[in-house]
Structure formats: structure tokens, C-alpha cells
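Structure at a glance
This is what each chain is made of:
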Amino acid sequence: MRLSALAEQLALSFEGDADLELTGVASLADAGPDDLSFVTSARWSEALEKSAAGAVVAAPDLDCGTRSVLRSARPRRDFARAVGLLRPRLRPAPGIHPTAAVDAGANVSPEAAVGARAVIGPGCVVGEGTAVHANATLYPDVQVGADCEIHAGCVVREGTRVGNRVILQPGVILGGDGFGYEPGDDGEWEKIPQVGCVVVEDDVEIGAGTTIDRASLGETLIRRGVKIDNLVQIGHNCILEEDVVVVAQSGLGGSTHVGRRAILMGRTASAGQLSIGDGAFVAGRASVVRDLAAGGRAFGTPAVEERTWHRAMTALWRLPEAMRRLRRLEKRVEALDPEDGDA
């Protein structure tokens, strides 16, 4: 794509050779003269000077010398948009692979693609432009909207509803039974039937190996624009509101309600039956055991408010010196104790 055409597509201004043909994207270190790269600040000026990139996406005030440049207030985001134009995602051609098992009662769009050994059960609906890759399984009565990508090895259990432009990375499990048991009189565990479902709204991406349990009653709800990383466990009846981000290896106990645009960093946990407010931030490895207010910032295990956590950590690092001082004081007190005859 020519530099001028790319700038027009991205609605960005540019400097340099309008007819420069860009054929790929790469980091500053790896880019060649036909590649587009990006630079976010003057911190990377030395790497930029050494780079062979034909053009870069850069902030408006960053000196790029004579190199062709697309000017952006958010270089990383606009570079990502450029990647989508220069290296569009490969999508399989529409059609059903001869080894796929598609029930006669399923409604699969002629514009959808169903890969080798995929299984689509009775009553399923698969929308236009959606790709169901090899070995993915849709149980009965699953609804998948348009332009979705269901990668290899995904399992979508019965009754699950998936919106438009949803990406399920390999190995995602939607709608497995929630973990619910009650002790019987004999001490054995009685399984609680899980008769609800999972609803995933539009523009959601769910990372590889993530599991989202069906509700015991009602819905486990993942709202529009939520982004979930790899290896996340979301329990039954959880609700994640719009644009929530959950990073890898996190786990949400059942009936956790996460507010709009909250961010849960890696290896976080919630005890369940609690609320994390709109715009809240849960730091990596923090465990939320009580409600977190909108805009709150929680750190530590059990999680506490950010300033409290920083004060506690500061005190913790000072503890060895405080212990040495305490021992010195104890020795001085002992030396002054009349009962020892040293007064």
C-alpha cells in the first residue's frame, strides 16, 4: 500500500514520499526499507536512527529526520490499525469441510466456513462470515453471530449465545458446568444442576485456554468489548460489563460483578459474591475479598486500597532494620535492669 493511501485510510497526516510502497510491518530493529514500524517517544530515537524502516508511525513532535512518517497522537494504536491493513488476517474460504459433522437441523450461513472435523449440533445458528476452525465443537442450540472466529479446539456448550465479531482463541470453553455442590446428610457431595447459560456480546475476545462457566440459573454475561487473556477462569453467574479487561491466569469466583472498564491484572482473584466497581484497577496477584468501589485501586492479598498497600510495603522493607534497632534497645534495657544488679 502506498504511504499516501495508508495515511488516508488511517485519517493521519504524513511527511515524506507519498508513493512509497509499504509491503510489511516490523519492529525498528527488524524492519527493512519496505516495512512500516512505529516509535512512541524520544527514548527510542537511537533505535530509530539505526533502523532501516521505510516509514514509521510517530508522535507529532518527534524528530524522524528525512524518513517518511505518519503522524499520530497515539502511535502504538495507529500502528496496530496499520497492521490490520497491511497484514490482514487470513480467513478460510466459505464452505463446510467434508469431514465436518454439521447436523441437518443447524442453520449455517453459506458465507460461513466450517473446518475439518468440526462439530455443529442441532439447532445451532452460525452467522455470515464466521469461521469455525478444525476440531471446534458447538453443542446443540448454540447461536454464533456474524464475522466471528472460533479457533481450533474450542467447545461451546448447549444454549450459549455469542454475538458478532467475537474471537475465541484455541481451546476456549464456554458454558461448562459451574462448580456447585452441597453436602448431603451422609457427607457426600450433591451436585447442583447448572441449568443457565453463557451470553457473550459483540466485539469480545477470549484468550486461549480460558473457561467461562454457565450460570446455575439465568446467565453468565460477558458484555460488549470485553477482552479476556489466556488461562482465565470465570465462574458461574459472573457479569463483566462493557470494556472490562482481565489479564492471564486470573480467576473470578461465582457471581462476581465487574463494572465497566475495570482492569484486572495477571493472576488476580475474586472470592465471589462481590462487586468490583466501574473503572476499578486490581493489581497483579491481588485477591479481592470484599466489594471494591468504582475507581478503586486494590493491591495485595487480601487486597487493600493502593495507598495502604504502598505504606505497608514500605514498612515491610524497613522491618529488618527496625528489628535490629529493637534488639539493640532490648540489650540496653536489660543492661539497666536493677534485678540484674547492673543498675
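Notes on the structure follow. Here the structure is a predicted model, which is why all the values come from computation and not from measurement. (Residues numbered from 1 in each chain as written. Predicted model: local features only at pLDDT ≥ 70, side-chain atom pairs only at ≥ 80, totals over all residues. Heavy atoms only, no water.)

**Quick look at the overall build of the protein chain**
Secondary structure assignment for the protein chain yields four helices and 38 strands. Its C-alpha radius of gyration of 27 Å places the protein chain more than 25% over the 20 Å reference for a compact globule of 343 residues. A buried classification covers 42% of the 343 residues belonging to the protein chain. For the protein chain, the exposed area adds up to about 18300 Å²; of that, 53% sits on carbon and sulfur atoms. Positive and negative side-chain charges in the protein chain, numbering 36 and 47 respectively, have mean positions lying 6 Å apart. (Helix = DSSP H or I, 4+ residues; strand = E, 2+ residues; numbered from the N terminus. Rg over C-alpha atoms; globule rule 2.2 N^0.38 Å. Buried < 20%, exposed > 50% of the residue type's maximum accessible area, 1.4 Å probe, protein only. Areas by Shrake-Rupley, 256 points an atom, 1.4 Å probe, with all protein chains shown as cover. Lys, Arg positive; Asp, Glu negative; His and termini not counted. Charge placed at Lys NZ, Arg CZ, Asp CG, Glu CD.)

**Digging into the sheet that holds strand β6 (residues 95–96)**
The strand order β6-β9-β12-β15-β18-β23-β26-β29-β32-β35-β37-β38 describes an open sheet built from twelve strands, whose pairing is mixed. Where the open sheet ends on each side, the last strands, each with one partner, are β6 and β38 (304–305). Bridging between strand β32 (residues 263–264) and strand β35 (residues 281–282) involves two bridges; their strand directions are parallel. Within β35, the position partnered with leucine 264 by the bridge is valine 282. (Pairing = 2+ DSSP bridges.)

**Section: a negative patch on the surface**
Together, Asp185, Asp186, Glu188 and Glu190 make up a region of like negative charge exposed at the surface. Mapped onto the secondary structure, aspartate 186 falls in the loop between β20 (181–183) and β21 (189–191). Judged by its relative accessible area of 58%, aspartate 186 falls in the exposed class. (Patch = residues over 30% accessible without salt bridge, like charges linked within 9 Å, V, L, I, M, F, W, Y side chains within 5 Å. Salt bridge = Lys/Arg side-chain N within 4 Å of Asp/Glu carboxyl O.)

**Regarding the pairing of strand β19 (residues 173–176)**
The sheet contact formed by strand β16 (residues 155–156) and β19 spans two bridges and is parallel. Bridging across to β19, valine 156 finds its partner in leucine 174. In terms of strand pairing, β19 meets strand β24 (residues 211–213) through three bridges, oriented parallel. Each residue of the ladder has a partner; that of glycine 176, found in β24, is aspartate 213.

**What about the environment of leucine 48?**
Within the secondary structure layout, leucine 48 lies in helix α2 (residues 45–50). In this structure, the C-alpha to C-alpha distance between leucine 48 and glycine 95, residues 47 residues apart in sequence, is 45 Å. With residues up to four places along the chain from it excluded, the contact list for leucine 48 reads Leu28, Val39, Val56, Asp63, Cys64 and Arg67. (Contact = heavy atoms within 4.5 Å.)

**Topic: the nonpolar core**
Of all hydrophobic cores here, the largest spans 50 residues; its most connected members are Ile228, Leu240 and Ile276. Beyond its immediate chain neighbours, meaning those up to four positions away, leucine 240 contacts Leu221, Ile222, Arg223, Val226, Ile228, Ile234, Val246, Leu252 and Val258. Core analysis: the next-biggest nonpolar cluster, separate from the first, contains 15 residues, Leu3, Leu6, Leu36 and Leu70 among them. (Core = buried A, V, L, I, M, F, W, Y, C linked by side-chain atoms within 4.5 Å.)

**Observations regarding the pattern of salt bridges**
Applying the stated criterion to the full structure yields 22 salt bridges. As a salt-bridge pair, aspartate 78 and arginine 81 come within 2.5 Å of each other at their nearest N and O atoms. Of the two residues, aspartate 78 and arginine 81 are both situated in helix α3 (residues 75–86); the distance of three residues between them amounts to about one turn of the helix. Arginine 81 gets classed as partly exposed once you look at its relative accessible area, which sits at 35%. A single salt-bridge network, built from bridges that share partners, covers Arg157, Glu158, Asp177, Lys191 and Arg214.

**Considering the pairing of strand β5 (residues 68–71)**
Residues in a regular strand point their side chains to alternate faces of the sheet. Of the two faces of β5, the one lined by Ser68 and Leu70 and the one lined by Val69 and Arg71 are each fully buried. Direction of pairing for strand β1 (residues 13–15) relative to β5: antiparallel, over a ladder of three bridges. Looking across to β5, one finds that serine 13 is bridged to arginine 71. With four bridges joining them, strand β4 (residues 55–58) and β5 adopt parallel strand pairing. Across the sheet, residue alanine 58 finds its bridge partner in β5, namely arginine 71.

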